[in-house]
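The chain contents come next:
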Amino acid sequence: MKKLPVLVMGGALAAFTLGFQGVASAAPAGATAHPSGCTYQTNFDNGAMARCKHSNGGHYRATANCFRWDGGGIVVIDAVAWRSSGWSNVYCPAMTTFKSAGIVSKPS
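What you are looking at is a predicted structure, and each value in this text was computed from that prediction instead of being measured. Residues take numbers from 1 onward in each chain, read along the sequence in its written order. At least 70 in pLDDT is required for a residue's local features to be given in this predicted model, at least 80 for side-chain atom pairs to be given and counted, and no such filter applies to totals for whole chains, interfaces and linings, which use all residues. Just so you know, side-chain values use all the structure's heavy atoms and leave hydrogens and water out.

## Some points on the sheet that holds strand 6 (residues 96-106)
Note on pairing: two strands pair once DSSP finds at least 2 bridges between them. Numbering of helices and strands starts at the N terminus; helices are DSSP runs of H or I of at least 4 residues and strands are runs of E of at least 2. Taken in spatial order, the three strands make up an open sheet running 4-3-6, and their pairing is antiparallel. The strands lining the two open edges of the sheet, one partner per strand, are strand 4 (74-78) and strand 6. Strand-to-strand twist in this sheet, taken as the mean axis angle between neighbours without regard to direction, amounts to 25 degrees. For strand 3 (residues 59-68) and strand 6, the ladder comprises 10 bridges, and the chain directions are antiparallel. The residue bridging F67 from the neighbouring strand is T97, located in strand 6. The convention used is that axes are lines fitted to C-alpha atoms, helices contributing only their stretch in contact, and that angles between N-to-C directions extend from 0 to 180 degrees.

Listed below in structure tokens is the structure:
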């Protein structure tokens, strides 16, 4: 019976060394969805614009691919603010030219 305290101590030591398993939790399914009815295009002023007809609890923002004049490739610029309605606008930085538009969305 003298080995029992050693086994209990070893088990407790292993639990603290390896860590206890946590309980997983998740948000309810279908709480929010990505926006729908989205369109994007150039804003004809060296940038892009985007909007979605239905936010569905989600958000979106315009993104633009801009070509660098120095030959350094493409710069991807996203609008700073996430929108749930209306137009989102983003402009290419100085020394770049608009190449293509897009949209980024998220469920919340």
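Next comes the rest of the write-up.
## Considering the nonpolar core
Each nonpolar core is a collection of buried residues, namely Ala, Val, Leu, Ile, Met, Phe, Trp, Tyr and Cys, held together in the definition by side-chain atoms within 4.5 Å. Exposure categories follow from relative accessible area, calculated using a 1.4 Å probe and restricted to protein chains: below 20% of the type maximum is buried, above 50% is exposed, and the middle band is partly exposed. A48, A50, A62, A64, C66, A79, V90, C92 and A101 together form the largest nonpolar core, which totals nine residues. Elements with a minimum of two residues in this core: strand 2 (47-54) and strand 3. Here this core takes three residues from strand 3, the largest share from any one element. Contact definition: two residues touch when any of their heavy atoms are within 4.5 Å. Ignoring anything within four residues of it in the chain, the contact list for A101 reads Y40, Q41, T42, A48 and T63.

No statement about biological role is implied by the geometric values presented.
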